[in-house]
Amino acid sequence: MTAPIAIIGTGIAGLAAAQALQQAGLSVQLFDKSRGPGGRMSSKRSEAGSLDMGAQYFTARDRRFVNQVQQWVTAGCVEQWTPQLYNSNAGVLSPSPDEQVRWVGTPRMSAIARQMLGELPVEYSCRITEVFRGTQHWHLQDAEGRGHGPFSQVVIALPAPQATALLATVPKLAAAAAGVQMDPTWAVALAFDAPLQTAMQGCFIQDSPLDWVARDRSKPGRDTNRDTWVLHASASWSRQHIDLSREAVIERLHGAFAELLDCVMPPPSFSLAHRWLYARPVGGREWSSLADADLGLYVCGDWCLSGRVEGAWLSGNDAARKLLAHLE
Ligand code: FAD
Ligand code: NAI
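Predicted, not measured: the structure shown is a model, and the values here were computed from it.

Rules behind the numbers
- Numbers given for residues are sequential positions, taken from 1 along each chain in its written order.
- A letter from A marks each chain and a number from 1 marks each ligand, given out in the order of writing.
- Per-residue local features of the predicted model are confined to residues with pLDDT of at least 70, and side-chain atom pairs are confined, for both listing and counting, to 80 or more; whole-chain, interface and lining totals are unaffected and use all residues.
- The basis for every side-chain value is the complete set of heavy atoms in the structure, and neither hydrogens nor water enter the calculation.
- Being near a molecule or strand, for a residue, means having at least one of its heavy atoms within 4 Å of it.
- Think of a polar contact as two N or O atoms within 3.5 Å of one another; within protein, one of them needs to be a possible hydrogen donor and the other a possible acceptor, and neighboring residues in sequence only count if both atoms come from side chains.
- Calculation of accessible area relied on Shrake-Rupley with a 1.4 Å probe; when residues are assessed, cover is drawn exclusively from the protein chains displayed.
- Geometry of aromatic contacts follows a simple scheme: Phe, Tyr and Trp rings, the Trp one being its six-membered ring, pair when their centres are within 6.5 Å, and the pair is stacked under 30 degrees between planes, edge-to-face over 60, tilted otherwise.
- For helices the rule is a DSSP run of H or I covering at least 4 residues; for strands it is a run of E covering at least 2, with both sets numbered from the N terminus onward.
- Residue burial is assigned from relative accessible area. The probe radius is 1.4 Å, only protein chains are included, and a residue is buried under 20% of its type maximum, exposed over 50%, and partly exposed in between.
- Geometrically, a charge over a ring is one whose NZ (Lys) or CZ (Arg) sits within 6 Å of the ring centre while staying within 35 degrees of the ring normal.
- Here, nonpolar core means buried Ala, Val, Leu, Ile, Met, Phe, Trp, Tyr and Cys residues that are tied together by side-chain atoms lying within 4.5 Å of each other.
- We call two residues contacting when some pair of their heavy atoms lies within 4.5 Å.
- A strand pair is defined by DSSP finding two or more bridges across the two strands.
- Every angle, taken between N-to-C directions, lies between 0 and 180 degrees, and every axis is a line fitted to C-alpha atoms, over only the stretch in contact when it is a helix.
- Here the angle decides the label: under 35 degrees means roughly parallel, over 145 means roughly antiparallel, 65 to 115 means roughly perpendicular, and every other value means oblique.
- Note on residue classes: Ala, Val, Leu, Ile, Met, Phe, Trp, Tyr, Cys and Pro are nonpolar, Asp, Glu, Lys and Arg are charged, and everything else, Gly too, is polar.

Caption draft 1: Looking closely at the site of ligand 1. Residues in close proximity to ligand 1 total 36 residues, the closest being A13, D32, R40, Y57 and D302. Interatomic distance of 3.1 Å between a backbone N/O atom of K33 and a nitrogen atom of ligand 1. At 3.1 Å, a side-chain N or O of S34 approaches an oxygen atom of ligand 1. For ligand 1, whose free accessible area comes to 1000 Å², the fraction covered by protein is 92%.

Spelled out as C-alpha cells, the structure:
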C-alpha cells in the first residue's frame, strides 16, 4: 500500500488540496496546530454568539471558484451577504453602495471549512516543527517531539513565514517563501445590548487606526440577540501596536470606532481581541503554488496568489493538480 500524503494546515488552501487529492483516490492525513479547521477563515464561539474574527466575506472572480461557491450554496454552508456599505475617508463617512457580489459562510464563516473537511483524517493541536526526507519517504516531527510518517508526499499549506520554517530541506522553495512578507492584523469584536443607531453594516476606512468594520449580526444566519461588530485595524497600526495588551487594543479600537460613527458609544457588554500575526501578504504574486515534484514537496497558500480566500482555494487546488500530474 502506498504511504498517504501529509497536508500541513487546514485553512482553505490545505482543505482544497486535500479534497482534490481525495477525490482522485489518494489517501491524505491532515495536521493543524489549532483546535479546529479554517485557519484565517475560522470563527470564534463566544457568549455573544459566533464571531468572524478573520476573513469577513469573499468574492469569486475565477470561474472555477465561482463553481465551487455555487456548490457550497447548494450544500447550505454559504449565502450572499448584501451589507449596507459605507466608506470613510479623512474622517468623512458616506454610504458607498456597489454591485459586487459578496459571500459568507453560514451560520458562521467556519461552516465552509467544516463542510470541506467532511470525513478527512485530521490531527489537531499538532504543530509541525520539522519536515524531512528519509531514503524513500517523508517524515514529520511535531512540537512535542512525536514523529509522524512515512508519507509519500507533503503539502505545506501555511502562511509564508511558517512555511519557510518547514522548508529547510529544500532551500530553493525556502528562499521563495522567505521573500514573502506578511502583515499582521489586530481584530476586535464588540457586542452591544442595544443596537447602535446606524444603518451601517460594513465600512471601508482610510486614514484611521481601523481599515474595516462589519456588523457581524447583519450576515445571514447569525443567531444572536446582541448587536455584534468586528473591527479590523490597518496593517500599519497593527504593526506599530503589535505588542500592545489585548485590553489596550480593545480600548483604542473602540475609541476609533466611536470616532468613525461620530457618536457617544456605550461600553460594550462583551469584547474580545485577536492578533493575527500573519494576516495578509505584502504585494501580490502569480505563483499559484510552489513545488519540487521530484522530491514530492508542494507549497500552497493565499500568499502564492491574491492573499484572499479565493487565492487560497485556487492555490491549494493548483498544488493538488501538480502532484497528480507528476503521478501520471
Ligand atoms: P490559513 O488560513 O492561515 O491556514 C493555515 C493553517 O495552518 C492554520 O489553520 C494554522 O493553524 C495552521 N498552521 C500554521 N503553522 C502550522 C504548523 N507549524 N503546524 C501545523 N499547522 C500549522 N480574505 C478575503 O477573501 N476576504 C476578506 O474579507 C478577508 N479578510 C481577512 C481578515 C483578516 C483579519 C485576516 C487575517 C484574513 C482575511 N482574509 C480575507 C484572508 C483570508 O482569510 C486568507 O486569504 C485565507 O483564509 C488563507 O487561507 P490559507 O489556507 O492560505 O491559510
Ligand atoms: P472587495 O472587492 O469587496 O474589496 C476590495 C477593495 O476594494 C476593498 O479593500 C476596498 O478598498 C475597495 N472597495 C470595495 N468595495 C468598496 C465600496 N463599496 N466602497 C469603497 N471601497 C470599496 O473584496 P476582495 O477583492 O475580495 O477583497 C477582500 C477584502 O479582504 C479586502 O477588503 C481586503 O482588504 C480584505 N482583507 C483583509 C485582510 C486583513 O488582514 N485585514 C487580509 C486579506 C484581505
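From this point on, the discussion continues.
Caption draft 2: Focus on the packing of aromatic side chains. Counted according to the given criterion, the structure contains 11 aromatic pairs. Ring plane angle 45 degrees and centroid distance 6.1 Å describe the contact between Y57 and W81, whose orientation is recorded as tilted. With Y57 in the loop between β4 (49-51) and α2 (63-75) and W81 in the loop between β5 (78-80) and β6 (85-89), this residue pair connects regions lying 24 residues apart in the sequence. Using a relative accessible area of 2% as the deciding quantity, one classes W81 as buried. An angle of 50 degrees between the planes, with centres 5.0 Å apart, marks the rings of F204 and W212 as tilted. Under the relative-accessibility criterion, F204 is labelled partly exposed at 29%. Look at W212 and you get buried, because its relative accessible area is 6%. One aromatic cluster in this structure is built from Y57, W81, F204 and W212. Directly above the aromatic system of Y57 lies the positively charged group of R102, at a separation of 5.3 Å from the ring centroid.

Caption draft 3: Expanded view of the nonpolar core. Core analysis: the biggest nonpolar cluster contains 45 residues, and F58, W72 and V155 have the highest contact counts within it. Considering every element that reaches this core, the biggest residue donor is helix α1 (residues 12-23), with 8 residues. With residues up to four places along the chain from it excluded, the contact list for F58 reads M41, F65, V69, W72, V78, V101, R102, W103, V104, M109, I112 and V309. I128, V170, L173 and L297 belong to the second-largest nonpolar core, a separate cluster that totals 27 residues.

Caption draft 4: Looking closely at the sheet that holds strand β18 (residues 270-281). Pairing within the open sheet is mixed, and its 7 strands lie in the order β7-β6-β15-β16-β17-β14-β18. Taken across any chain shown, the strands that pair with only one partner, and hence form the sheet edges, are β7 (92-95) and β18. Across this sheet, the average inter-strand angle for adjacent strands is 20 degrees, counted without regard to direction. In this structure, strand β14 (residues 182-192) lies alongside strand β17 (residues 227-233), joined through 6 bridges in antiparallel fashion. Looking across to β17, one finds that L190 is bridged to W229. Across the sheet, helix α7 (residues 246-261) is in contact with β6, β7, β14, β15 (202-205), β16 (210-215), β17 and β18; its angle to β14 comes to roughly 75 degrees.

Caption draft 5: Geometry of the packing of α2 against helix α8 (residues 309-327). Packing of α2 against α8 brings their axes to within 10 Å, and their N-to-C directions diverge by 100 degrees. The angle between α2 and α8 places the two elements in the roughly perpendicular class. Across from R64, F65, Q68 and W72 in α2, the residues of α8 making contact are V309, E310, W313 and L314. Of the residues assigned to the contact of α2 with α8, the class counts are 5 nonpolar, 1 polar and 2 charged.

Caption draft 6: Local environment of the environment of S94. Relative to the helices and strands, S94 is located in strand β7. Separated by 106 residues in the primary sequence, S94 and M200 have C-alpha atoms spaced 9.7 Å apart. Look past the residues within four positions of S94 in its chain and what remains in contact with it is Y86 and N87.

Caption draft 7: Local environment of the sheet that holds strand β19 (residues 290-292). With mixed pairing, 6 strands are arranged side by side in an open sheet as β9-β2-β1-β13-β20-β19. Strands with a single pairing partner mark the edges of an open sheet, and in this sheet they are β9 (122-123) and β19. Strand direction decides the pairing type here: strand β1 (residues 5-8) and strand β13 (residues 153-156), joined by 4 bridges, are parallel. Paired with A6 across the strands is V154, a residue of β13.

Caption draft 8: A look at the site of ligand 2. Neighbouring ligand 2 are 14 residues; Y57, T59, R61, S96 and T185 lie closest to it. R61 places a polar side-chain atom, nitrogen or oxygen, 2.8 Å from an oxygen atom of ligand 2. R308 places a polar side-chain atom, nitrogen or oxygen, 3.1 Å from an oxygen atom of ligand 2. Within the complex, the protein chains bury 66% of what would otherwise be the 790 Å² of accessible surface of ligand 2. Secondary structure elements with two or more residues in the shell around ligand 2: β6 and β18. By residue class, the composition of the shell around ligand 2 is 4 nonpolar, 5 polar and 5 charged.

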